[in-house]
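Close look at the chain arrangement
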Amino acid sequence: METPPELEAAAGETTDITITNREYEDESVIAVDFGPTGETPTVDIVDDTAIVVVGDEQFEFAVPENASDVTVNDGILTISG
C-alpha cells in the first residue's frame, strides 16, 4: 500500500512526523507518528477522505483504495489493508 502523498508532504515539512511502512504476508500497515505534540491525534472518515486533527493542525488525505482500517491508537495513526 502506498503512503498517501499528503502525509508524505506533511512529513517532509517537519522532522517531527515519522512514517513507517510495513508489509506482511497478508497485510500492509502504514504507521504515522506525529511527534511530541502533547496532543492526541483524532481521525474522522468522510466518504473516502480521512481528516486527522492534532492540536491546531489538520491533515486531510484520500484513504488508500485497499485500506481496510484507519485508526488512532496510542497517538499513532495506523492505516491497514
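See above for the structure.
Notes on the structure in this doc start here. (Residues numbered from 1 in each chain as written. Predicted model: local features only at pLDDT ≥ 70, side-chain atom pairs only at ≥ 80, totals over all residues. Heavy atoms only, no water.)

**Quick look at the sheet that holds strand 3 (residues 42–46)**
Across the sheet, which stays open at both edges, the three strands sit in the order 3-4-5 with antiparallel pairing between neighbours. Each having just a single partner strand, strand 3 and strand 5 (57–62) make up the two edges of the open sheet. Neighbouring strand axes in the sheet, compared pairwise and without regard to direction, differ in orientation by 20 degrees on average. Bridge analysis of strand 4 (residues 49–54) against strand 5 gives six bridges, and the strand direction is antiparallel. By the bridge assignment for strand 5, Val53 is matched with Gln58. (Pairing = 2+ DSSP bridges. Helix = DSSP H or I, 4+ residues; strand = E, 2+ residues; numbered from the N terminus. Axes fitted to C-alpha atoms, helices over the stretch in contact; angles between N-to-C directions.)

**A short note on the sheet that holds strand 7 (residues 76–80)**
Read from one edge of the open sheet, four strands run 1-2-7-6, paired in antiparallel fashion. Across the chains shown, the open sheet's two edge strands, defined by having one partner strand only, are strand 1 (18–23) and strand 6 (69–73). With strand direction ignored, the average angle separating the axes of adjacent strands in the sheet is 15 degrees. Bridge count between strand 6 and strand 7: five bridges; the pairing is antiparallel. Of the residues in strand 7, the one forming a bridge with Val72 is Leu77. Contacting strand 1, strand 2 (28–33) and strand 7, helix 1 (residues 5–13) runs over the sheet at an angle of about 135 degrees to strand 1. (Contact = heavy atoms within 4.5 Å.)

**Thoughts on unusual backbone geometry**
Non-glycine residue Asp47 carries a positive phi angle of around 55 degrees. Relative to the elements of secondary structure, Asp47 occurs in the loop between strand 3 and strand 4. For Asp47, a relative accessible area of 72% translates into the label exposed. Positive phi is not limited to glycine here, since Asp74 has a value of about 55 degrees. (Buried < 20%, exposed > 50% of the residue type's maximum accessible area, 1.4 Å probe, protein only.)

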